[in-house]
Amino acid sequence: MTLFTRDDDRLGGFALRPLDPAADAALLHGWVTHPKASFWMMQDADLAAVEQEYRRIHEHPHHEAFIGLHEGRPAFLAERYDPAHVDLVGLYEPQEGDLGMHFLCAPTETPLHGFTLAVITTVMEFCFSDPDVRRVVVEPDVRNGAVHALNAAVGFEVVEKIAKPEKDAYLSVCTRERFEAVRAAGAADGSAAGPRPRTTHGVTR
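If you're wondering where the values come from, they're calculated on a predicted model, not measured in any experiment. Along each chain, residue indices are assigned from 1 in the same order as the chain's sequence is written. A pLDDT threshold of at least 70 governs which residues receive local features in this predicted model, and a stricter bar of 80 or more applies before side-chain atom pairs are shown or counted, although totals over entire chains, interfaces and linings include all residues. The side-chain figures draw on all heavy atoms in the structure; neither hydrogens nor water molecules are used.

Engineer: I tried to follow the sheet that holds strand β3 (residues 63–70) on my own but got confused; where do I start?
Structural biologist: Backbone-to-backbone hydrogen bonds pair the strands of a sheet. The strands run either parallel or antiparallel. Taken in spatial order, the 8 strands make up an open sheet running β1-β2-β3-β4-β5-β6-β8-β7, and their pairing is mixed. Of all strands in the sheet, those with a lone pairing partner are β1 (4–8) and β7 (157–163), marking the two edges. Ignoring which end each strand starts from, the neighbouring axes of this sheet average 30° apart. Pairing between strands is defined by DSSP: at least two bridges between the two strands are required. Runs of H or I in DSSP of at least four residues are treated as helices and runs of E of at least two as strands, each being numbered from the N terminus. Where strand β4 (residues 73–81) and strand β5 (residues 98–105) come together, 6 bridges link them in antiparallel fashion. Among the inter-strand pairings, Leu77 is bridged to a residue of β5, identified as Leu104. Contacts were defined at the residue level, with two residues in contact if any of their heavy atoms lie within 4.5 Å. For helices, the axis comes from a line fit to the C-alpha atoms of the stretch in contact; other axes are also lines fit to C-alpha atoms, and the angle between any two N-to-C directions lies between 0 and 180 degrees. Contacting β3, β4 and β5, helix α1 (residues 25–32) runs over the sheet at an angle of about 85° to β4.

Engineer: What am I meant to see in the pattern of salt bridges here?
Structural biologist: A side chain of one charge can pair with a side chain of the opposite charge if their charged atoms are brought near each other. In what follows, salt bridge is the name for a side-chain nitrogen of Lys or Arg lying within 4 Å of a carboxyl oxygen of Asp or Glu. Counting across every chain of the model gives 13 salt bridges. In this structure, the salt-bridge partner of Asp87 is Lys164, at a minimum N-O distance of 4.0 Å. Of this pair, Asp87 sits in the loop between β4 and β5 while Lys164 sits in the loop between β7 and β8 (168–175), and the two are 77 residues apart along the sequence. Relative accessible area decides the class of each residue, using a 1.4 Å probe on protein chains only: under 20% of the type maximum gives buried, over 50% gives exposed, and in between gives partly exposed. According to the relative accessible area criterion, Asp87 is partly exposed, its value standing at 31%. By relative accessible area, Lys164 is classed as buried at 8%. Among the ionic pairs, Asp98 bridges to Arg135, the shortest N-O distance being 2.8 Å. Within this pair, whereas Asp98 is found in strand β5, its partner Arg135 is found in strand β6 (residues 135–138), the two being separated by 37 residues in sequence. A residue is classified by how much of its surface remains accessible, and Asp98, at 10% relative accessible area, is buried. One continuous salt-bridge network, built from bridges that share partners, spans Asp87, Glu139, Lys164, Glu166 and Lys167.

Engineer: I would appreciate a short explanation of the packing of helix α3 (residues 115–128) against helix α5 (residues 176–189) in the present structure.
Structural biologist: Helix packing geometry: the angle between the two helix axes and the distance between the axes. The interhelical angle for the contact between α3 and α5, taken along N-to-C directions, is 135°, at an axis separation of 11 Å. The angle between the axes of α3 and α5 places the two elements in the oblique class. The two elements α3 and α5 meet at a crossing, and its hand is left-handed. Where α3 abuts α5, its residues Thr121, Met124, Glu125 and Phe128 lie against Arg176, Phe179 and Arg183. Tallied by class, residues from the contact of α3 with α5 come to 3 nonpolar, 1 polar and 3 charged. Roughly parallel means an angle under 35 degrees; roughly antiparallel means over 145; roughly perpendicular covers 65 to 115; every other angle is labelled oblique. Helix crossings get a hand from a simple test, with the near helix turned counterclockwise from the far one by less than a right angle marking a left-handed crossing and a clockwise turn marking a right-handed one. Only Asp, Glu, Lys and Arg are considered charged in this grouping, and only Ala, Val, Leu, Ile, Met, Phe, Trp, Tyr, Cys and Pro are considered nonpolar; every other residue, Gly among them, is considered polar.

Just geometry here; none of it tells us what the structure is for.
Written out as C-alpha cells, the structure is:
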C-alpha cells in the first residue's frame, strides 16, 4: 500500500509504503549492516535482531518505519516518531506539532548524483503532508558531515549540541515555513531544494 508519492524533476518517481518487519527484514539487514551505514549503529546486528528492532518500532505507539521506493524499487528507509516520547525525551523542550525523522539510503554500486537530496526532500514532504506537523526535528551524530549538509540544504537549523546515550548529536529543527521557503528558492534557481550539497546515492542518518 503506497502512502505517499512524489515526482522529482531529475530523478523520477519516489514513494513510501509501510514497512513489514518480517517481509522486509532481509532487505533491511543488508542496508543497516553495510559499512556506509555506520551512523545507523546496527553494524553487528544479525537478521533476527533487525526483524526484532523493526517489529518493536512497528508496534510502538509513537514510532513508525517505512520503505522508500525509487521508480518502484526499494531504495531507502524512513522513520518518523514523536520526539516527546522517542529518542529525545528529556533532551529538549518539545513543541506542539514537532515530528522526529530518520532516513537511510540503500547502498548501491551505481550512485545517482543528487539522490540523497531527493530522498530527504521526499521524506520531508511526507512529514509535512500531515497538516498537524509544524516542525521536523532531527538529532544526527556530530561527526556525520554528509547529513549536516543535507539537513542544511532542506532548511534545518542547528539548535544545540546534545549528549545522547549512544552519541553526541546536533539537535536541529526545520519549520514548515523554512522548508517551503527553501523549496521555493530552489525552484526559482532550478535546483531541487536549496544549496545543493555534494552528495551521491549513499547511506546517511
